[in-house]
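# Structural overview for review
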Amino acid sequence: MWRVGTVVALHDETATARTITLEVHDWPGHVAGQHVDVRLTAPDEYSAVRSYSIASAPNSKGLVQITVERMLNGEVSLYLTQEVMVGDRLELRGPIGGWFVWRSQQTEPVQLVAGGSGIVPLMAMIRSRVSVGSKVPFRLLYSVREPGGVFYRDELRALSAEQRSLIVTYAYTRTVPKDWPRPPGRLDAALLAGTTWPADVRPTCYICGPTPFVETVANLLTASGNDRDRIRAERFGPTGERK
């Protein structure tokens with residue numbers, strides 16, 4: 001079922017990524033980790049559909065946030081990050097998905113691992129945890145190319161400072177901030193061992209990012225003793241579209 005959402009706020013997360021807040025009057029509610037399809041239709045009736053993770057926590061106000069990263073030659077992402085305006089209407093279908101989700105009834109430790117814009121559904125989980133007042137301990141390992149590419153930087157900083165049960169670790173693959181303790185590089189076994197939950201506490205692990213990133217991290221977590229059935233993965237291809 002397609003619904004219509006009205007754009008009520010826009011916020012640039014980085015030079016190439018924008019968060020769009022939509023008000024959807026008949027929104028049925030969602031669970032952190034789900035996504036929506038967005039359909040754009042041109043005057044000549046040509047339409048394009050793309051899937052985007054929901055960034056907002058579940059709420060009763062009918063507000064849905066998505067964060068879109070501009071992709072080279074991406075017709076939909078170019079429009080959403082450069083042209084869409086407050087007051088515009090977008091067609092949405094969803095929420096979609098029931099496995100890659102975090103529910104407030106869960107009590108086990110949670111390990112989040114994000115690659116680039118894969119942070120979006122994981123941020124929804126962090127926000128959901130805050131909104132319900134959960135004390136479940138969360139850890140986030142966020143791999144990103146360079147400091148300017150971090151989504152939700154100020155919010156993550158504030159949350160990790162306020163809540164000792166949320167630990168955020170960054171891994172920069174190309175450029176690091178001044179005086180950063182580690183050189184740039186991809187995630188490896190040593191970094192995961194030093195920053196993620198030990199397998200014996202039986203965390204549920206959520207991984208989101210490009211397909212090679214997700215497969216590498218899942219294999220490393222399994223090799224370190226985590227149960228395969230406690231590792232949940234969401235991946236996207238070179239266009240940024242979810243798979």
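The following refers to the structure shown. Here the structure is a predicted model, which is why all the values come from computation and not from measurement. Residue positions are counted from 1 within each chain, in the order its sequence is given. Predicted model: local features are reported for residues with pLDDT of at least 70 only, side-chain atom pairs are reported and counted for 80 or more only, and whole-chain, interface and lining totals are derived from all residues. Calculation of side-chain values draws on the structure's entire complement of heavy atoms; hydrogens and water are dropped beforehand.

## Concerning the sheet that holds strand 11 (residues 231-236)
Sheets are built from strands paired through backbone hydrogen bonds, the pairs being either parallel or antiparallel. By definition, two strands form a pair when at least two bridges between them are found by DSSP. Numbering of helices and strands runs from the N terminus, with a helix taken as a DSSP run of H or I at least four residues long and a strand as a DSSP run of E at least two residues long. Taken together, 5 strands build an open sheet; the order of strands is 9-8-7-10-11 and the sheet is parallel. The open sheet has two free edges, formed respectively by strand 9 (166-172) and strand 11, since each of these has just one partner strand. On average, each strand axis in the sheet is tilted by 10° relative to the strand beside it, whichever way the strands run. Looking at chain direction, strand 8 (residues 138-144) and strand 9 are connected through 7 bridges and run parallel. Residue pairing in the sheet places Leu140 in a bridge with Val168 of strand 9. Across the sheet, helix 5 (residues 211-223) touches strand 7 (110-115), strand 8, strand 10 (204-210) and strand 11, and the angle it forms with strand 10 is around 155°. A fitted line through C-alpha atoms serves as each axis, taken over the contacting stretch for helices, and the angle formed by two N-to-C directions is quoted from 0 to 180°. Only heavy atoms matter for contacts: two residues are in contact if any of them lie within 4.5 Å across the pair.

## Things to note about the sheet that holds strand 4 (residues 47-53)
Read from one edge to the other, the open sheet built from 6 strands follows the order 4-3-6-1-2-5, with strand pairing classed as antiparallel. The open sheet terminates on both sides in strands that have one partner only, identified here as strand 4 and strand 5 (63-69). Shown here is a sheet whose adjacent strand axes are inclined to one another by a mean of 40°, direction ignored. Here helix 1 (residues 75-82) sits on the sheet in contact with strand 2 (17-23), strand 3 (35-41), strand 4, strand 5 and strand 6 (89-96), set at roughly 70° to strand 4.

## Observations concerning the nonpolar core
Throughout this description, the term nonpolar core refers to a set of buried Ala, Val, Leu, Ile, Met, Phe, Trp, Tyr and Cys residues connected via side-chain atoms within 4.5 Å. Remark: exposure states derive from per-residue accessible area (1.4 Å probe, protein chains only) relative to the maximum for the residue type, with buried under 20%, exposed over 50%, and partly exposed in between. Counting residues in hydrophobic clusters, the biggest one holds 31 residues, and the most contacted among them are Leu140 and Tyr142. The set of elements that each furnish at least two residues to this core consists of strand 7, helix 2 (119-132), strand 8, helix 3 (153-162), strand 9 and strand 10. With 7 residues, the top contributor of residues to this core is helix 2. Residues within four places of Tyr142 in sequence aside, it is in contact with Ala114, Gly116, Ile119, Gly149, Val150, Phe151, Leu156, Thr169, Tyr170 and Ala171. Counting residues in each nonpolar core, the second largest holds 19 residues, with Leu22, Ile54, Val64 and Leu90 among its members.

## Quick look at unusual backbone geometry
With the exception of glycine, the majority of residues adopt a negative phi angle, and the majority of peptide bonds are in the trans configuration. Cis geometry is adopted by the peptide bond preceding Pro95, which originates at Gly94 and carries an omega value of 5°. Unusually for a residue other than glycine, Tyr152 sits at a positive phi of about 60°. Its place among the elements puts Tyr152 in the loop between strand 8 and helix 3. The phi dihedral of Asp179 falls on the positive side, at around 65°, and the residue is not glycine. Relative to the elements of secondary structure, Asp179 occurs in the loop between strand 9 and helix 4 (189-195).

## A word on the side chain of Glu13
Residue placement: Glu13 occurs in the loop between strand 1 (2-12) and strand 2. Look at Glu13: it is buried, it has no salt bridge, and the nearest opposite charge is Arg127 at 5.3 Å. Side-chain atoms alone can form a polar contact between residues adjacent in sequence; in general such a contact is a pair of N or O atoms within 3.5 Å, and within protein one must be able to donate a hydrogen while the other accepts it. In this structure the side chain of Glu13 is engaged in a polar contact, spanning 2.7 Å, whose partner is the side chain of Thr19. With sequence-adjacent residues up to four places away left out, Glu13 is seen in contact with Arg18, Thr19, Thr67, Val150, Phe151 and Tyr152. Neither His nor the chain ends is counted toward charge; the positive residues are Lys and Arg and the negative residues Asp and Glu. What makes a salt bridge here is a side-chain nitrogen of Lys or Arg within 4 Å of a carboxyl oxygen of Asp or Glu, nothing more.

## Some thoughts on the pattern of salt bridges
A complete count under the given rule lists 9 salt bridges for this structure. Close ionic contact of Arg93 with Asp37 constitutes a salt bridge, the shortest N to O distance being 2.8 Å. With Arg93 in strand 6 and Asp37 in strand 3, this pair connects stretches of sequence that are 56 residues apart. Given the relative accessible area of 31%, Arg93 is considered partly exposed.

## Section: the pairing of strand 11
Looking at chain direction, strand 10 and strand 11 are connected through 6 bridges and run parallel. In the sheet register, Pro210 faces strand 11, and the bridge partner there is Phe236. In this view, the connection linking strand 10 to its parallel neighbour strand 11 by way of helix 5 has right-handed handedness. A clockwise path from the first strand over the helix to the second, with the strands pointing away from the viewer, defines a right-handed crossover.

## Section: the packing of helix 2 against helix 3
Two elements in contact, helix 2 and helix 3, have axes separated by 12 Å at closest approach and are oriented at 40°. One way to sum up the angle between helix 2 and helix 3 is to call them oblique. For the pair helix 2 and helix 3, the crossing hand works out as left-handed. Each of Met123, Ile126, Arg127 and Val130 in helix 2 lies in contact with helix 3, whose residues at this interface are Glu155, Leu156 and Leu159. Roughly parallel means an angle under 35 degrees; roughly antiparallel, over 145; roughly perpendicular, 65 to 115; everything else is oblique. In this scheme the handedness of a crossing depends on how the near helix is turned from the far one: anticlockwise by less than a right angle means left-handed, clockwise means right-handed.

Remember, this is a structural readout, not a statement about activity or role.
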